[in-house]
Amino acid sequence: MIRLCIIGCGAVVEGSHARVLPALSERVRVTACYDLDVVRARAMARRLGAKRAGGPADIANDVAHWDAALVATPPAHHAPIARDLIAAGRHVLVEKPFVTAAADARELVDAAERADVRLLVGHFRRFYPSVQAARAFMASGGMPLARIEVWEGARFDWPARSSYAFTSPDGGVGFDTGSHALDTLLFTLGLDDAPEATLEIETCEKTPPREPSQDVGLRGSLSAPLLGRVPLILHVSRLGPLATAVKLHGADGRSLVVPAAHAAGATLVRDAVPHMVPLPADATYSPPDAMSAFYCEHVEFARAIEQGDRSSVIDARRFVALTGILEAIAQHGVPA
Amino acid sequence: MIFGATGYVGEYLVDELLGRGHEVVAVARSAALPREGVRALADDRLDTLRGRDVVVVNLAYPRAVPGLEIRAANERLLERVRRAVEATGASRLVHTSTQAVFGYEWREVPTRGAAPLVLGDSYIESKRHAEDALRRHQRRRGHDIAIVRLGNILGAGAMPWVTGVAQRILEGRPVAARAGRGRLNGTFVRNIVDYLGALIEHEGRLADGAPGVFHHLAEFTQPDWAALAEPMSNTIGVRALYREDVPSAARAGLKTIIGSAVRRFAEPLARTGAVTLVQRFRPPPAVHAFAPTAEDPGWYVVTAGDIAFPPALLDSWQPPHGFDAMLREICEWLPARGYTLHADLA
């Protein structure tokens with residue numbers, strides 16, 4: 001039985017993690033909840049049957065009461081909290097985005113390996129059938145790429161317990177929505193475990209110009225060994241609706257559309273006719289909806305801990321390149 | 001005075017009313033609403049408008065609230081609207097509702113009066129609750145009232161009936177039932193705000209004249225969903241797909257496990273509320289033409305409806321914008337928002 005603590009009991013825990021964890025109760029037991037708001041921590045502890053609840057100052061004292069931690073705080077706190085947990089020998093599942101600086105990503109991955117603890121990141125969209133299908137399609141030869149488009153936007157109206165989305169430099173749409181969309185791109189292209197993958201930015205417009213920006217539109221190119229250099233446009237926004245998909249345009253005129261939302265398959269468009277690219281036959285996970293993908297995340301975390309395994313698709317070492325790209329976008333336009 | 005001034009219809013309404021020369025006040029929890037020409041007032045400052053000729057317009061609706069909490073959130077919003085009417089001494093309240101108060105699947109033509117009780121969907125129930133609550137308040141206080149039930153809202157960026165259709169076309173998901181069935185029952189946002197403007201400026205009591213308290217606005221009942229989807233499909237560059245069968249509303253509320261392709265389970269099945277969990281299945285091999293799934297049956301129920309939403313409007317009003325003009329605006333909007341297969345930054 002894995003004893004799990006939750007650090008940060010905000011909207012994503014209330015709406016997602018807390019809904020799926022009870023279904024894993026034979027393998028994972030929540031034993032403690034922590035939040036800046038201790039009342040909120042206690043409420044979550046009651047909901048999940050945890051005996052301990054408290055604020056940040058209680059975490060270090062309580063470490064003997066849990067084996068692993070879900071870190072669901074605003075992104076600015078991911079690195080220092082994960083660092084301390086790894087030093088204490090605890091396994092960590094960090095909510096996305098992993099961290100906000102590539103140097104922190106590399107440091108934490110190395111630290112976790114030295115400490116022999118598991119470090120995973122909650123990029124649950126990797127479990128979507130459509131995303132798995134797209135990755136398998138590209139891995140099987142797919143199509144040589146001519147151009148990449150990354151789009152995702154909606155007016156921000158989802159609940160957030162803290163104001164970090166509008167106040168923290170790490171709370172902008174790039175680290176938030178952009179981390180989802182770009183991760184789908186890198187995972188689809190099989191570049192998630194290629195730390196050399198980089199994004200060269202030619203133009204970038206942000207609204208507001210300084211982080212946390214709420215709308216980012218950039219033109220550039222994605223480079224990686226074997227991929228070469230492919231032109232890319234990206235537009236992510238909290239200000240209004242955009243298409244929500246990664247689009248890969250082949251040199252042969254075909255296009256692969258990978259939806260941002262949960263879907264049963266990806267879509268290959270040939271001569272304007274859409275065709276479904278289904279989930280591969282050997283897929284381990286086939287979550288029927290987005291909530292089930294959160295469940296997959298916790299199944300993977302439990303499995304990685306139980307088996308001492310670093311092969312998970314959400315192992316933190318797979319997010320170093322993404323972190324570097326997100327950092328480059330956030331830093332673009334910032335005076336040196 | 002507008003509740004919901006920053007929403008989709010709200011932004012168009014603000015422009016419309018400023019264009020008509022009215023002073024527009026947006027009610028906000030804080031007074032920091034950054035919109036030129038619009039004053040923001042917090043709820044506790046509304047009495048400063050007393051003595052002015054005020055019409056309160058409610059476009060707001062609780063958003064991003066879990067289904068079980070919608071009623072309480074709705075009641076809190078309605079209380080703010082009622083207080084605004086009383087604090088300002090408003091002569092008239094214009095409240096926007098929806099044709100969905102009659103349900104998503106109609107078996108008979110919706111009536112002009114109070115909607116029958118339709119249970120089982122928190123959105124429908126909360127919209128009807130709002131109509132009833134504001135009507136009861138109006139009867140007690142005696143101010144004028146118009147409750148405008150809107151059809152499916154259409155326009156550049158309208159969610160979900162334009163963005164959802166566009167996204168489905170791009171992804172190769174069926175847009176609607178077989179082409180030729182399913183009335184659009186739509187209303188263009190520019191016509192909506194023109195009508196709301198007409199209601200705001202109307203001389204005489206709306207509640208006592210024709211069509212009475214309840215107004216029905218869906219000027220595009222005749223076109224089917226293909227009339228919207230096909231021009232969008234031509235712009236997007238992906239063929240629109242339609243599904244042949246239409247699920248009934250009885251199945252629309254169920255969460256379905258992936259159907260006949262299930263072979264065996266990778267994990268024991270468990271339920272957390274309405275959440276269905278991991279299972280393994282063997283999908284058919286190779287790429288094939290997209291087969292409609294049982295996903296989001298509610299969408300297909302609405303888009304298959306073949307009963308026209310009957311109009312109930314001021315005799316003097318005609319929609320200023322036609323269907324083709326609306327389509328042009330929508331299709332011009334699509335590329336810069338990424339909905340075309342090959343899109344670029346604006």
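Every chain is numbered independently, its residues counted from 1 as its sequence is written. Lettering for chains starts from A, numbering for ligands starts from 1, and both go in the order in which the items are written. The predicted origin of the model limits local features to residues at a pLDDT of at least 70 and limits the giving and counting of side-chain atom pairs to 80 or more, whereas totals for whole chains, interfaces and linings rest on all residues. The basis for every side-chain value is the complete set of heavy atoms in the structure, and neither hydrogens nor water enter the calculation.

> Before we go on, may I ask you to explain the overall build of chain A in this structure?
Secondary structure elements follow DSSP: runs of H or I of four or more residues count as helices, runs of E of two or more count as strands, with numbering from the N terminus. Of the regular secondary structure elements, chain A holds ten helices and 14 strands. For the radius of gyration, the atom set is restricted to C-alpha positions; the globular benchmark scales as 2.2 Å times the number of residues to the power 0.38. In summary, chain A has a C-alpha radius of gyration of 19 Å against a globular reference of 20 Å for 336 residues, a match within 12%. Principal-axis analysis of the C-alpha atoms places the extent of chain A at approximately 60 × 50 × 40 Å. Looking at the 336 residues of chain A, the share that counts as buried comes to 62%. Note on contacts: a residue pair qualifies if any of its non-hydrogen atoms lie within 4.5 Å across the two residues. Looking at chain A alone, contacts between residues at least 24 apart form 70% of all its contacts between residues at least 6 apart. Partly exposed residues are those whose accessible area sits between 20% and 50% of the maximum for their type, while under 20% is buried and over 50% is exposed, using a 1.4 Å probe and protein chains only.

> What is the right way to look at unusual backbone geometry in this model?
The phi torsion of most residues other than glycine is negative, and most of the peptide bonds are trans. Residue and element names in this part refer to chain A. Here the bond from Lys96 into Pro97 is cis, since omega is 0 degrees, no more than 30 degrees from zero. Turning to its location among the elements, Pro97 is positioned in the loop between β5 (91-94) and α5 (102-115). Residues Thr207 and Pro208 are joined by a peptide bond in cis, for which omega reads -10 degrees. For Leu226, which is not glycine, the phi torsion reads 75 degrees and is therefore positive. In this structure, Leu226 sits in the loop between β9 (215-224) and β10 (228-237).

> When you look at the pairing of strand β14 (residues 273-278) of chain A in this model, what are you seeing that I'm missing?
Residue and element names in this part refer to chain A. Within β14, five of the six residues are buried, which leaves it mostly tucked inside the rest of the structure. Two strands make a pair as long as DSSP finds a minimum of two bridges between them. Relative to β14, strand β13 (residues 265-270) is paired through six bridges, and the arrangement is antiparallel. Its bridge partner being in β14, Ala266 is matched across the sheet by Val277. Hairpin connection, β13 to β14: the antiparallel pair is bridged by two residues, and Asp271 has positive phi, about 50 degrees.

> I'm lost on the layout of surface pockets in this one. Help?
Empty space among the atoms can be located by rolling a probe the size of a water molecule over them. All names here are of chain B. Of the voids in this model, the second largest pocket is the one considered here, and its volume is about 410 Å³. For the second largest pocket, the lining is made up of 16 residues, of which His22, Glu23, Asp53, Val54 and Val55 are closest to its centre. Looking at the lining of the second largest pocket, the elements with two or more residues in it are β2 (24-27), β4 (55-58) and α5 (189-201). Put simply, Ala, Val, Leu, Ile, Met, Phe, Trp, Tyr, Cys and Pro go in the nonpolar bin, Asp, Glu, Lys and Arg in the charged bin, and everything else, Gly too, in the polar bin. For the lining of the second largest pocket, the residue count by class is nine nonpolar, two polar and five charged. Here a cavity denotes grid points, spaced 1 Å and computed from the protein atoms alone, that fit a 1.4 Å probe unable to get out, and a pocket denotes an open set having protein on both sides within 12 Å along at least 5 of 7 lines; residues with an atom within 4 Å of a point are the lining. Grid points are joined across faces, edges and corners, and a volume is the space filled by probe spheres set on the points.

> Quick question: what am I supposed to make of helix α9 (residues 323-333) of chain B here?
Working note: α-helix, 3.6 residues per turn, so residues spaced by three or four point in the same direction. Residues and elements named next belong to chain B. Of the positions making up α9, those classed as buried are Phe323, Met326, Leu327, Ile330, Cys331 and Trp333. Projected down its long axis, α9 carries its buried residues within an arc of 155 degrees, all on one side. The exposed set on the far side of α9, more than 90 degrees from its buried face, consists of Asp324, Arg328 and Glu332. Tucked into the core, α9 has its buried residues touching β7 (152-154), α4 (163-171), β9 (186-188) and α6 (225-236). What the arc covers is the set of directions going from the helix axis to the C-beta atoms.

> What is the right way to look at the packing of α4(B) against α6(B) in this model?
Axes are the key here: two packed helices are described by the angle between their axes and the distance separating the axes. Residues and elements named next belong to chain B. Their axes nearest at 10 Å, the elements α4 and α6 cross at an angle of 55 degrees. Between α4 and α6, the angle is such that the two are oblique. Both α4 and α6 take part in a crossing whose hand is right-handed. For the pair α4 and α6, the contacting residues are Val165, Ala166, Ile169 and Leu170 in the first and Trp225, Leu228, Ala229, Met232, Ser233 and Ile236 in the second. Partitioning the contact of α4 with α6 into residue classes produces nine nonpolar, one polar and no charged. Helix axes are fitted only over the stretch in contact, all axes being lines through C-alpha atoms; the angle between N-to-C directions runs from 0 to 180 degrees. Each angle is binned into one of four classes, with values under 35 degrees roughly parallel, values over 145 roughly antiparallel, values of 65 to 115 roughly perpendicular, and all other values oblique. Handedness of each helix crossing follows the sense of rotation of the near helix against the far helix: counterclockwise by less than a right angle gives left-handed, clockwise gives right-handed.

> What exactly am I supposed to notice about the sheet that holds strand β3 (residues 52-54) of chain A here?
Picture the strands of a sheet paired through backbone hydrogen bonds; they go either parallel or antiparallel. Residue and element names in this part refer to chain A. Strand order across the open sheet formed by six strands is β3-β2-β1-β4-β5-β6, with parallel pairing between neighbours. Each edge of the sheet is formed by a strand with only one pairing partner; in this case those strands are β3 and β6 (119-121). Across the sheet, the axes of successive neighbouring strands diverge by a mean angle of 20 degrees, strand direction being ignored. Inspection of the sheet shows strand β1 (residues 2-7) paired to strand β4 (residues 68-71) by four bridges, in the parallel sense. Counted as the bridge partner of Leu4 is Ala68 from β4. Its contacts with the sheet place helix α4 (residues 78-87) against β1, β4, β5 and β6, and it is angled at close to 165 degrees to β5.

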